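# Coordinate analysis (summary)
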Amino acid sequence: QVQLVESGGGLVQAGGSLRLSCAASGRTFSSYGMGWFRQAPGSERKFVATITWSGSSTRYADSVKGRFTISRDNASNTVYLQMNLLKPEDTAVYYCAAAPAYYSGSASIPHYDYWGQGTQVTVSS
């Protein structure tokens, strides 16, 4: 089992920045690929960013490329999502998730076994 707890969400004006954190506990964090997903009201959950278990490779949705950065610190069992130049369309509940190593780097929701409870990000115009 892996437990994930997100933090860092909030209300920010368009053009601003937020950094989300996801603290993991349980089984060996460094063996899992980690991802961030988001879900806006009335919409399905969508891929945002992912990072491999080693941190050597990252992948982003086109909508956030160049504005968001995913990173991880295996020593502290934490994954981050730095979000810059936020837009109102970034408003959503953001979830972190863990995938086994063989799915590391995947953007596919079914490949992720463990999910956090989510943190709300609201971007005002």
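Here the structure is shown first, and the text comes after it.
Quick summary incoming for the structure in this document. (Residues numbered from 1 in each chain as written. Predicted model: local features only at pLDDT ≥ 70, side-chain atom pairs only at ≥ 80, totals over all residues. Heavy atoms only, no water.)

## Side note on the overall build of the chain
Across its full length, the chain holds 0 helices and 11 strands. Going from N to C terminus, the chain has its helices and strands arranged as β-β-β-β-β-β-β-β-β-β-β. The C-alpha radius of gyration computed for the chain amounts to 13 Å, which stays within 12% of the reference 14 Å derived for 125 residues, consistent with globular compactness. Counting only C-alpha atoms and orienting by the principal axes, one finds that the chain spans roughly 40 × 25 × 25 Å. In the chain, buried positions account for 44% of the 125 residues. Long-range pairs, those at least 24 residues apart, make up 59% of the contacts in the chain between residues at least 6 apart in sequence. For the chain, the distance from the average position of its 10 positive side-chain charges to the average position of its 7 negative side-chain charges is 2 Å. (Helix = DSSP H or I, 4+ residues; strand = E, 2+ residues; numbered from the N terminus. Rg over C-alpha atoms; globule rule 2.2 N^0.38 Å. Buried < 20%, exposed > 50% of the residue type's maximum accessible area, 1.4 Å probe, protein only. Contact = heavy atoms within 4.5 Å. Lys, Arg positive; Asp, Glu negative; His and termini not counted. Charge placed at Lys NZ, Arg CZ, Asp CG, Glu CD.)

## Description of the state of the cysteines
Taken as a whole and assessed by the stated rule, the structure comprises 1 disulfide. Note that Cys-22 is cross-linked by a disulfide to Cys-96, the S-S spacing being 1.9 Å. On the S-S bond that ties Cys-22 to Cys-96, the torsion sits near 45°, and the link is right-handed. Residue Cys-22 is found in strand 3 (residues 18–26), and its partner Cys-96 is found in strand 9 (residues 92–100); the two are separated by 74 residues along the sequence. By the burial criterion, Cys-22 is buried, and Cys-96 matches it. (Disulfide = S-S within 2.5 Å.)

## Here's the deal with the environment of Gly-15
Inspection of the secondary structure puts Gly-15 in the loop between strand 2 (10–13) and strand 3. When the C-alpha positions of Gly-15 and Ala-92 are compared, they lie 16 Å apart, and in sequence the two are 77 residues distant. Setting aside residues up to four positions removed in sequence, Gly-15 forms contacts with Leu-85 and Leu-86.

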